[in-house]
Amino acid sequence: MQMQAMQMPLSGHARVATRDVDQAAEEVGRIFCSHRLSPHDHGRDFFACHNSRLFAGGSINYVAYGGDVEIDPGCLERFFLVQVPLSGGTQIRIGSKMVTTAPGRAASVLSPTRPSLMRWQANCGQVILKLERRAVEDLLAALSGRETGEIVFEPQLRLDSEPGRTLGAQILALARMADAGVPGEPGRDEALNSLGWSVAHALLWTHAGSARDLLLAAPQETGGARRKVSRALDFVDAHLAEPIDFAELARACGYSLRSLQLAFQAERGQTISQAVQERRLSLLRQHLLAAGGKANVTALMQTCGLVHAGRAAGAYRELFGETPAETLRKGRSGKA
C-alpha cells in the first residue's frame, strides 16, 4: 500500500507521514504521549501517518501504520482515547483485560490511569477521539453535582449493537466535520466544539464504567424547577450572542448540570439546547421586524449567536411558519 495513495480521514490536517520508526515515535508522541513503538518483521512494511485537528478540550485524529506494530504508552495520564478501527484491527491489553477490535465490530476505550499495550495489525487505520482528562472530569462533576474521583471506562466498545453503534457513528461524523473546514472558519470551530462535547456527553452517559454508574446514582432533583429555569434563562438571555457552555451555565446558576437539565424537562418539556435555540430565534425575529426591510439576514443571525445560517433558517421556519426573509419583508411593510 502506498501511503501517498491512501484515502484518509482528516487528510487536510496531516501531522505525521514517515517510514522512519524513530521519527514516527517522536512525532506521534508529541501529539499524544511518549511511547515505545516496535514494528514486527524488521519494519520492512512500516509507515506511519497521523492526521489531527483540535477542538476545545480534545482532538479528533486519524492514525495508521503499515505492517504489524506494538505500541506501549503505559498510562496515558492526561487524556482518554476512543479508538474506532476503519481497517485492520488491534489486540490491546488494558489493565488486566484483553480487548480485540475490528471495523464495525468493536472499538477500544483507554482510560488515563490504566496501562495499555497495543498491537496494531498490518495496515490498521483508526479514527481516534482524544478527550483531555481534566475537561472530562469537569464535565462529569457538572453533570452529577458530585466529586468525580477516578474515571475508568469499560475498555471495549461494541460497534455492532447499541449504544456503541451510535457513539461510533458520532465519532466518525466528528472526523468528517473536522475534515470539511479549516480552523478559524466562522462558525466551524464552534460547531466542532459542540459536536465534540456532545460525543463526550454520550460517552459518559451510555458507555459502561464509573462515570455512568455515578450519573445513574445521582439524585434526580426536580424540586424548584421553575426557579432554576428562570435563573438559567436570565443567564442565557444575557449571553445569547456568545457560545454558551452549559457546565458554565449550571455553575453560574448554582446548580448541577444534571439538575438543570431535569428542571428544563419538567418545566418546559425541552432540553437546554432547545431552549437556547428558541431564545436565539425569537431574538432574531425581533431584529428582523425592527430592521424595516433593510438588513443582512446572515449578519443578524450571527448577532443572535446562530452560527449555521442554513440550519438556523430551517429551525426558524419550523418555529414561526415563515422564513427569515419573509419576516424581514413584513418589517418593511409594517405588518407584524
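Thresholds applied
- Residues numbered from 1 in each chain as written.
- Predicted model: local features only at pLDDT ≥ 70, side-chain atom pairs only at ≥ 80, totals over all residues.
- Heavy atoms only, no water.
- Helix = DSSP H or I, 4+ residues; strand = E, 2+ residues; numbered from the N terminus.
- Buried < 20%, exposed > 50% of the residue type's maximum accessible area, 1.4 Å probe, protein only.
- Contact = heavy atoms within 4.5 Å.
- Areas by Shrake-Rupley, 256 points an atom, 1.4 Å probe, with all protein chains shown as cover.
- Lys, Arg positive; Asp, Glu negative; His and termini not counted.
- Charge placed at Lys NZ, Arg CZ, Asp CG, Glu CD.
- Phe/Tyr/Trp six-rings, centres within 6.5 Å; stacked < 30°, edge-to-face > 60°.
- Lys NZ or Arg CZ within 6 Å of the ring centre and 35° of its normal.
- Polar contact = N/O pair within 3.5 Å; in protein donor to acceptor, adjacent residues only side chain to side chain.
- Pairing = 2+ DSSP bridges.
- Axes fitted to C-alpha atoms, helices over the stretch in contact; angles between N-to-C directions.
- Arc of directions from axis to C-beta.
- Salt bridge = Lys/Arg side-chain N within 4 Å of Asp/Glu carboxyl O.

Participant: Before we go on, may I ask you to explain the overall build of the protein chain in this structure?
Facilitator: Along its length, the protein chain carries twelve helices and twelve strands. Along the longest, intermediate and shortest principal axes, the C-alpha atoms of the protein chain span 80 × 45 × 30 Å. Buried positions account for 46% of the 336 residues belonging to the protein chain. In the protein chain, the proportion of contacts linking residues at least 24 apart, taken out of those at least 6 apart, comes to 72%. Summed over its atoms, the accessible surface of the protein chain is roughly 15700 Å², and 48% of this surface lies on carbon and sulfur atoms. Of the side chains in the protein chain, 38 bear a positive and 34 a negative charge, and the two mean positions are spaced by 7 Å.

Participant: I'm lost on the packing of aromatic side chains in this one. Help?
Facilitator: Between two aromatic rings, the relevant description is the distance of the centres plus the angle of the planes. Overall, the coordinates contain five aromatic pairs when judged by the stated rule. Ring plane angle 35 degrees and centroid distance 6.2 Å describe the contact between Phe32 and Phe79, whose orientation is recorded as tilted. Taken together, the positions of Phe32 in the loop between helix H1 (21-31) and strand S2 (36-39) and Phe79 in strand S6 (residues 79-87) put the pair 47 residues apart, joining distant regions of the chain. For the pair formed by Phe32 and Phe79, the shared burial category is buried. Seen from their ring centres, Tyr316 and Phe320 are 4.8 Å apart, and the 55 degrees between their planes marks the pair as tilted. Here the residue Tyr316 and the residue Phe320 both occupy positions in helix H11 (residues 309-320), the gap between them amounting to four residues, near one helical turn. The class for Tyr316 is buried, based on a relative accessible area of 0%. Residue Phe320 is classed as partly exposed on the basis of its relative accessible area, which comes to 27%. Over the aromatic face of Phe320 sits the side chain of Arg285, whose NZ or CZ is 4.8 Å from the ring centroid.

Participant: Quick question: what am I supposed to make of the environment of Arg53 here?
Facilitator: For Arg53, the location among the structural elements is in strand S3 (residues 47-55). For Arg53, a relative accessible area of 2% corresponds to the buried category. Separated by 174 residues in the primary sequence, Arg53 and Arg227 have C-alpha atoms spaced 40 Å apart. Of note is the side chain of Arg53, whose polar atom sits 2.8 Å from the side chain of Asp189.

Participant: I tried to follow the sheet that holds S6 on my own but got confused; where do I start?
Facilitator: Backbone-to-backbone hydrogen bonds pair the strands of a sheet. The strands run either parallel or antiparallel. With antiparallel pairing, seven strands are arranged side by side in an open sheet as S1-S3-S4-S11-S6-S9-S12. Every interior strand has two partners, whereas the edge strands, strand S1 (14-18) and strand S12 (156-158), have only one. With direction set aside, neighbouring strand axes in the sheet form an average angle of 20 degrees. When strand S4 (residues 58-66) meets strand S11 (residues 124-132), the two strands line up antiparallel, connected through eight bridges. Within the sheet, the bridge partner assigned to Val63 lies in S11 and is Gln126. Helix-sheet contacts for H1 involve S1, S3, S4 and S11, and the interaxial angle to S1 is about 165 degrees.

Participant: What's the story with helix H5 (residues 210-217) in this structure? I'm lost.
Facilitator: Turn by turn, an α-helix covers 3.6 residues, leaving residues three or four places apart pointing in a common direction. Taken as a whole, H5 has its buried residues at Ala211, Leu214 and Leu215. Buried residues of H5, seen end-on, are gathered within an arc of 95 degrees and therefore sit on one face of the element. Residues of H5 that are buried make contact with helix H2 (133-144) and helix H4 (188-206).

Participant: Would you mind showing me how to read the pattern of salt bridges here?
Facilitator: Opposite charge on two side chains permits them to pair, given that their charged atoms come into close proximity. One pass over the full model with this rule turns up 17 salt bridges. One salt bridge connects Arg165 with Glu162, and the closest N-O pair in it is separated by 3.6 Å. Given a relative accessible area of 47%, Glu162 falls into the partly exposed group. Between Arg285 and Glu322 there is a salt bridge, with the nearest N and O atoms lying 2.9 Å from each other. Of this pair, Arg285 sits in helix H9 (residues 272-290) while Glu322 sits in the loop between H11 and helix H12 (324-333); the two residues are 37 residues apart in sequence, bridging distant segments of the chain. Residue class for Glu322 comes out buried when judged on its relative accessible area of 8%. Among the charged side chains, a salt-bridge network with shared partners connects Arg36, Glu70 and Asp72.

Participant: Could you clarify how one ought to interpret the pairing of strand S7 (residues 90-94) in this entry?
Facilitator: Working note: regular strand, side chains alternate between the two faces of the sheet. Only one face of S7 is covered, namely the face carrying Thr90, Ile92 and Ile94; the face carrying Gln91 and Arg93 is uncovered. Here S7 runs beside strand S8 (residues 97-101); their pairing, made up of five bridges, is antiparallel. By the bridge assignment, Gln91 is partnered in S8 with Thr100. Connecting S7 to the next strand, S8, in antiparallel fashion are two residues, including Gly95 with a positive phi near 60 degrees. Note that S7 and strand S10 (residues 116-120) share five bridges and pair antiparallel. Across the sheet, the residue bridging to Gln91 is Arg119, located in S10.

Everything listed is a geometric property; what it means functionally is a separate question.
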